[in-house]
Amino acid sequence: MAFPTTALNLTVELALGADLTADPSTWAWTDVTAYVYARDFIRIQRGRPDGATQTPPSLCQFTADNGDGRWCAYDPSGAWFGQIGRGTPVRILVDEGTSSVRWTGFLSALPPRWSPAQTDRYVQVSASGILQRLERGSTPLRSALVRAIAGGSVDGSGTHRQPVAYWPGEDGSGATSLAEYSGGPAMTFVNSLTPASDGPDGSLPLPEFTSSAGVSGSVPAHPLTGKWEVACLFNFPAVPSAAVTLMRWKTSGTYPTWEIILTPGTPDVLTLVARDTADAIQINEAMNFDIPSGPGSEPYGHWLLLFAAAEQVGANVDYDLQLYAATAGAGVSGTENSITTGVVTRLSVPASAKLDGMHAGHWAVWDTVFGVFPVDPAAISAFSGDTVSERIARINIVTPVPVDGAVEEYGTDDVNKMGPQIQGTRLDAIRECETVTNGRLIENRDPTTADAVLGLLAHDYLTNQTTDLTLNHDSGNLAPPFEPTDDDQNLRNDWTATRSGATGTGSSARVVATEGEHGSLTPDNVGTYADSVSVNVELDSDLIHQAGWRVNLGTVEGLRFPVVTLDFAHDPSLIPSWIGCDIGSRITITNPPAGIAPDSIDLLIEGWTEVFGPKTWTVQLNCSPYRPWHVFRLAETSSDTNAFLGRLAGDEHAALRASLTSSATGATNFDPNFYKWTEVADDFPMNIRMGGEVITLSGISSSAASFVAAGAASHADNAAVTPALYAGGAIRQLILVFAAIRSSGTGTLATPTGYTRLPVFNSTDHVQLFAKVHTGTESDPTITPSGGAAGDTVSAFTFGLSATPSTLGTATGSSLSDIVLDSIVQLNASAANIGYGGLYAWQWTGNVNLLLAWKQDDYTSIAVPSGWTEILEASSTTGNDQGLYAAYRIDTTPVLTPEGSLVVTGGASAISRSAVVALAGGIQVMTISARSVNGVTKAHSAGAIIAVEDPAVLAL
């Protein structure tokens, strides 16, 4: 695409005289490009600058010709007088084969300027995004219940209806009356009411009714509709001593007095009562004072919504009484013949000593019926448990006009659950959603096509993206400056998350980066970089994920590339791809300069500065690493080749068993250590990283572990023994030594030099299992006892296993003791046979199972249990005699080891000890199909660490 040789195809437009309460798609736009000075360029700043944790208001600046005064809102001779001023919408468009709105905002500053001779009169225009206006205000949103009730609901006819009278009762502690929401007559006190006493999460504090206290409010006159509905919120502390009226209302209908009465009994009941003009009861409809699936029977001490409704149906009236907790409700209904509803004229809580301690508020009257409760009962708890998507939808309900701050969600976060909806400003509520979802709040470039001027990039929108813009450094796609940074600006390896909410802070959770999951940026390597966040999640148990995700973001290894510059005059071929990018887009830079990390650079666009001139168009992108947004996905059982399948960053590393030349391909053995790598065909090709080189594998297979041989047992009377090594020993085999001293109370065994005591028996036990990896040249081990006495036999023998992990160590974040996957040890009372415990099947193939036994007596023989292969029977009459026994089983599929007993022949009854042990076994073979994928060519020595390339992390 040729860049324009005369001028950029750019347009500046104003929506002169726009109605900002109307949908942006209705605005009429005027082309004002002719008045914009090209000499000073047009500059747009959008999104987050480098290092910012929140999105500031976007900004657009340019200079305009004000020679005829049209850009001055206060010049009556100006052509746009009365149509332009602060708040006038402005947008910038570019058409280079594809039309694109680059920015939309609102004029925020129009300072007039002039040259000394006044031959050049101009305005330095500043325009800002909607966030600037939202940041200016400090008026908090009303409570969740006020927004739910005053905002209205859709009635049975499909019409959105608001109350004809509503007294929230959220007045301050010094109030002497309760204000009506829309400015109608206030509700008056009767006697000693205590305002602002207590309330649920969904409300500010409400009045408490003390002895002989009541309230009364007059309902403004309104047309007769043949329908009415009344409601209130209350919390009754305990069973009243006698029947008490919770709410009373007057009507102009056949029955002028209606009330709801709470009566103690077995069970307690709520009764809807209607009285005629002679005060005689005509309707007396009762229901139990309980809520199925709610807080339990007789829900005293709980916040409850109560409402009654009546509807004229011909000559008769259908009536309804309903009681709701935050999550459930119950009610009764009926029909009264030959009466009229009238309209509600007054609502009150009659003064009564039996009300003492009740809290109540949110009295409302409608001139319609809704069929269901007109308010979502979840408003009582301020909608705690909302997903982020649901919370955004509620914000939009109270912000129906897009330019007032409605939010369009990109992606759908239906996983993260939020706590109570706060009573802060609208922007506070939006920012809270941004924090919970760990997303990005943006100002939409084009609200005429988007659903709102604000957008929220949810967590799942940012994860596992495909690349929107690929830039080749060697092809000159990048303009200076392109300078990487290696610093600690964003490093955070210790996060504490605390739960916030309407009822105060909750618990907290702390996550610290650990080796293996976060590379070299752990506190023991770089020091502690601690931070904290307050986040409004539903449950304390959610906090560990909030802290963990932030550790993931704060421990990204590698260089940072905070600024990436594009010059479209130099390379106009990038324009179509750039127009398709936005904040939150992923860009990839291939063939980076020599001397830095050789891999392609993956970045997330956080914001940018875009500058337009007569023949120029440049962009400086503010970027962060994309790698932490590559998250784990579970694969289908077959034929799932999605690029984001689960290759976890926290997977334990593997290691080469033998050296690898710089050009070798084909089959190469490696140790998976104690976690096997995938062998499923559709998980390949797979890229791995080894010593900085990226290598492609076409497949992985397994080579099972095997038993080599056992050496002759050695015995001595309370003295060291040197059991002979087994025959056929070779490098990388696992040498195991099973040893015991007869004294089961005081005798112990020292770990032989070069060996590791495997965590099967306790460190002070008289029976032990020792191990080491064969180096190729080994001598017989020496087993030294202590704490024994004359007659305490010491016995030991060796045996070997091949194709077991041999590269465990600090380089892999593990040790030889980690080969013990599971074990169960059992001490048996005196008996002829030796009992042993059961062990669940270890859930991967190839593990080696050992059955080990010691008895405080010699024996003739032991019967080999079904499914096992005997290693050695080592019975001795040395000293006071003892016996050792070992058998093995190598599982090709996971097999349960049931508890059982070794049948012993010969000897006497004696105490015994047994252990069933599962050891990691089997090595794997990787088939290499390509070397030097990232341009790094090198040889690798035995023990070189193998990790998945571009690993995923567990998402929030």
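Reading the values: rules and limits
- Residues numbered from 1 in each chain as written.
- Predicted model: local features only at pLDDT ≥ 70, side-chain atom pairs only at ≥ 80, totals over all residues.
- Heavy atoms only, no water.
- Helix = DSSP H or I, 4+ residues; strand = E, 2+ residues; numbered from the N terminus.
- Buried < 20%, exposed > 50% of the residue type's maximum accessible area, 1.4 Å probe, protein only.
- Pairing = 2+ DSSP bridges.
- Axes fitted to C-alpha atoms, helices over the stretch in contact; angles between N-to-C directions.
- Contact = heavy atoms within 4.5 Å.
- pLDDT = per-residue confidence, 0-100.
- Lys, Arg positive; Asp, Glu negative; His and termini not counted.
- Salt bridge = Lys/Arg side-chain N within 4 Å of Asp/Glu carboxyl O.
- Polar contact = N/O pair within 3.5 Å; in protein donor to acceptor, adjacent residues only side chain to side chain.
- Expected span 1.5 Å × (residues − 1).
- 1 Å grid on protein atoms, 1.4 Å probe; cavity = no way out; pocket = protein on both sides within 12 Å on 5 of 7 lines; lining within 4 Å.
- Points joined across faces, edges and corners; volume = space filled by probe spheres on them.
- Nonpolar A, V, L, I, M, F, W, Y, C, P; charged D, E, K, R; others polar.
- Phe/Tyr/Trp six-rings, centres within 6.5 Å; stacked < 30°, edge-to-face > 60°.
- Core = buried A, V, L, I, M, F, W, Y, C linked by side-chain atoms within 4.5 Å.
- Disulfide = S-S within 2.5 Å.
- Parallel < 35°, antiparallel > 145°, perpendicular 65-115°, else oblique.
- Left-handed = near helix turned anticlockwise from the far one by under 90°.

**Digging into unusual backbone geometry**
Turning to step 1, where the next piece is worked out: Residue Pro-267 follows Thr-266 across a cis peptide bond; omega there is 0 degrees.
Turning to step 2, where the next piece is worked out: Tracing the sequence through the fold places Pro-267 in the loop between strand S19 (257-263) and strand S20 (269-275).
Turning to step 3, where the next piece is worked out: The omega angle of the peptide bond from Pro-480 to Pro-481 is 0 degrees, so this bond is cis rather than trans.
Turning to step 4, where the next piece is worked out: Tracing the sequence through the fold places Pro-481 in the loop between strand S32 (469-472) and strand S33 (494-499).
Turning to step 5, where the next piece is worked out: One non-glycine residue with positive phi stands out, namely Gln-118, at about 60 degrees.
Turning to step 6, where the next piece is worked out: We classify Gln-118 as exposed; its relative accessible area is 52%.

**Considerations on the sheet that holds strand S29 (residues 407-410)**
Turning to step 1, where the next piece is worked out: The strand order across the open sheet formed by three strands is S29-S31-S30, and the pairing between neighbours is mixed. The strands lining the two open edges of the sheet, one partner per strand, are S29 and strand S30 (440-443). Ignoring strand direction, the axes of neighbouring strands in this sheet form an average angle of 25 degrees.
Turning to step 2, where the next piece is worked out: Two elements, S30 and strand S31 (residues 454-457), share four bridges in a ladder whose sense is antiparallel. By the bridge assignment for S31, Ile-442 is matched with Gly-455.
Turning to step 3, where the next piece is worked out: Helix H3 (residues 388-397) contacts S29 and S31 of the sheet and is inclined by roughly 160 degrees relative to S29.
Turning to step 4, where the next piece is worked out: Packing against the sheet, helix H4 (residues 426-437) makes contact with S29, S30 and S31, and its axis sits at approximately 135 degrees to S30.

**Quick look at the confidence of the model for the protein chain**
Turning to step 1, where the next piece is worked out: Looking at the protein chain as a whole, its pLDDT mean stands at 90, while 94% of the residues score no less than 70.
Turning to step 2, where the next piece is worked out: Low pLDDT, under 50, characterises residues 1-5; the predicted model gives this stretch 16 contacts beyond four residues in sequence or across chains.

**Quick word on the side chain of Glu-180**
Turning to step 1, where the next piece is worked out: With respect to the secondary-structure elements, Glu-180 resides in the loop between strand S12 (177-178) and strand S13 (187-190).
Turning to step 2, where the next piece is worked out: Buried charge without a salt bridge: Glu-180, with Arg-142 as the nearest opposite-charge side chain at an N-O distance of 10 Å.
Turning to step 3, where the next piece is worked out: Reaching out from Glu-180, the side chain makes a polar contact with the backbone nitrogen of Tyr-166 at a distance of 2.8 Å.
Turning to step 4, where the next piece is worked out: For Glu-180, the side chain forms a polar contact with the main-chain nitrogen of Gly-183, separated by 3.1 Å.
Turning to step 5, where the next piece is worked out: Discounting chain neighbours no more than four positions away, the residues touching Glu-180 are Val-164, Ala-165, Tyr-166, Trp-167, Pro-185 and Ala-186.

**Examining the environment of Pro-685**
Turning to step 1, where the next piece is worked out: Residue placement: Pro-685 occurs in the loop between strand S41 (666-671) and strand S42 (686-690).
Turning to step 2, where the next piece is worked out: Distance from Pro-685 to Ser-929, taken between C-alpha atoms, is 8.6 Å for residues 244 residues apart in sequence.

**Considerations on H4**
Turning to step 1, where the next piece is worked out: If you check H4, its first and last C-alpha atoms are 17 Å apart, about what 12 residues at 1.5 Å a residue would give, namely 16 Å.
Turning to step 2, where the next piece is worked out: Most of H4 is tucked away, with nine of its 12 residues classed as buried.
Turning to step 3, where the next piece is worked out: Those residues of H4 lying buried are Leu-427, Ala-429, Ile-430, Arg-431, Glu-432, Cys-433, Glu-434, Val-436 and Thr-437.

**Remarks on the layout of surface pockets**
Turning to step 1, where the next piece is worked out: Computed from the structure, the second largest pocket encloses a volume of approximately 1100 Å³.
Turning to step 2, where the next piece is worked out: Secondary structure elements with two or more residues in the lining of the second largest pocket: H4, strand S35 (530-535), helix H7 (543-554) and strand S39 (617-625).
Turning to step 3, where the next piece is worked out: The class makeup of the residues in the lining of the second largest pocket is 15 nonpolar, 15 polar and 13 charged.

**Description of the packing of aromatic side chains**
Turning to step 1, where the next piece is worked out: Under the defined criterion, the tally for this structure stands at 26 aromatic pairs.
Turning to step 2, where the next piece is worked out: Here Trp-228 and Trp-249 contribute two aromatic rings whose centre-to-centre distance is 5.8 Å and whose plane-to-plane angle is 75 degrees, an arrangement assigned as edge-to-face. Here Trp-228, found in strand S17 (residues 227-235), pairs with Trp-249, found in strand S18 (residues 244-251); they are 21 residues apart in sequence, far enough to count as distant.
Turning to step 3, where the next piece is worked out: Looking at Trp-228, the relative accessible area reads 1%, which means it is buried.
Turning to step 4, where the next piece is worked out: Ring centres of Phe-797 and Phe-799 lie 6.2 Å apart, and the angle between their planes is 40 degrees; this geometry places the pair in the tilted category.
Turning to step 5, where the next piece is worked out: Among the residues examined, Phe-797 registers a relative accessible area of 0% and is labelled buried.
Turning to step 6, where the next piece is worked out: Taken together, the ring pairs in this structure connect Phe-568, Trp-578, Trp-608, Phe-612 and Trp-617 into an aromatic cluster.

**Digging into the nonpolar core**
Turning to step 1, where the next piece is worked out: In this structure, Phe-62, Trp-71, Val-564 and Leu-621 are the most contacted members of the largest nonpolar core, which totals 57 residues.
Turning to step 2, where the next piece is worked out: Here this core takes six residues from strand S38 (residues 601-612), the largest share from any one element.
Turning to step 3, where the next piece is worked out: Not counting the four nearest positions on each side in its chain, Trp-71 is found in contact with Leu-14, Val-32, Tyr-35, Phe-62, Ala-64, Asp-65, Asn-66, Trp-80, Ile-84, Leu-110, Val-123 and Val-125.
Turning to step 4, where the next piece is worked out: Core analysis: the next-biggest nonpolar cluster, separate from the first, contains 51 residues, Trp-167, Cys-232, Ala-328 and Trp-363 among them.

**Quick look at the pattern of salt bridges**
Turning to step 1, where the next piece is worked out: In this structure the tally under the stated criterion is 31 salt bridges.
Turning to step 2, where the next piece is worked out: One salt bridge connects Arg-440 with Glu-606, and the closest N-O pair in it is separated by 2.7 Å. On the criterion of sequence distance, the pair formed by Arg-440 in strand S30 and Glu-606 in strand S38 is long-range, its members being 166 residues apart. This pair shows no difference in class: Arg-440 is buried, exactly as Glu-606 is.
Turning to step 3, where the next piece is worked out: Where salt bridges share partners, they join Arg-48, Glu-135, Arg-431 and Glu-434 into one cluster.

**Description of H7**
Turning to step 1, where the next piece is worked out: Compared with an ideal rise of 1.5 Å per residue, which puts 12 residues at 16 Å, H7 spans 17 Å between its outermost C-alpha atoms and is within 8% of the ideal.
Turning to step 2, where the next piece is worked out: Among all positions in H7, only Leu-543, Gln-546, Ala-547, Trp-549, Arg-550, Val-551, Asn-552 and Gly-554 are buried.
Turning to step 3, where the next piece is worked out: Packing partners of the buried residues in H7 comprise H4, helix H5 (459-462), S33, strand S34 (508-512) and S35.

**Things to note about the sheet that holds S41**
Turning to step 1, where the next piece is worked out: If you walk around this closed barrel you meet the six strands as S40-S41-S61-S43-S42-S62, and the pairing is antiparallel. Each strand of the sheet is rotated relative to its neighbour by a mean of 50 degrees, with strand direction disregarded.
Turning to step 2, where the next piece is worked out: Of the pairings in the sheet, the one linking S42 to strand S62 (residues 945-948) comprises three bridges and is antiparallel in character. Within the sheet, the bridge partner assigned to Ile-688 lies in S62 and is Val-948.

**Quick notes on the state of the cysteines**
What we call a disulfide is simply a covalent bond connecting the sulfur atoms of a pair of cysteines.
Turning to step 1, where the next piece is worked out: Enumeration according to the criterion identifies zero disulfides in this entry.
Turning to step 2, where the next piece is worked out: Unpaired in this structure, Cys-623 has its nearest cysteine sulfur neighbour in Cys-581, at a distance of 9.9 Å.

**Observations concerning the packing of H3 against H4**
Turning to step 1, where the next piece is worked out: With their axes 10 Å apart at the nearest point, H3 and H4 run at an angle of 165 degrees to one another. One way to sum up the angle between H3 and H4 is to call them roughly antiparallel. Crossing handedness for the pair H3 and H4: left-handed. Contact residues: Val-388, Arg-391, Ile-392 and Ile-395 in H3; Arg-426, Ala-429, Ile-430, Glu-432, Cys-433, Val-436 and Thr-437 in H4.

**What about empty space enclosed by the protein?**
Turning to step 1, where the next piece is worked out: Taken as a whole and judged by the stated rule, the model has two cavities of 30 Å³ or more.
Turning to step 2, where the next piece is worked out: Lining the largest cavity are Thr-104, Gly-105, Phe-106, Ile-130, Glu-443, Asn-444, Pro-447 and Val-453.
Turning to step 3, where the next piece is worked out: Element by element, the count of residues in the lining of the largest cavity is highest for strand S6 (residues 99-109), at three residues.
Turning to step 4, where the next piece is worked out: Across the lining of the largest cavity, the residue classes tally to four nonpolar, three polar and one charged.

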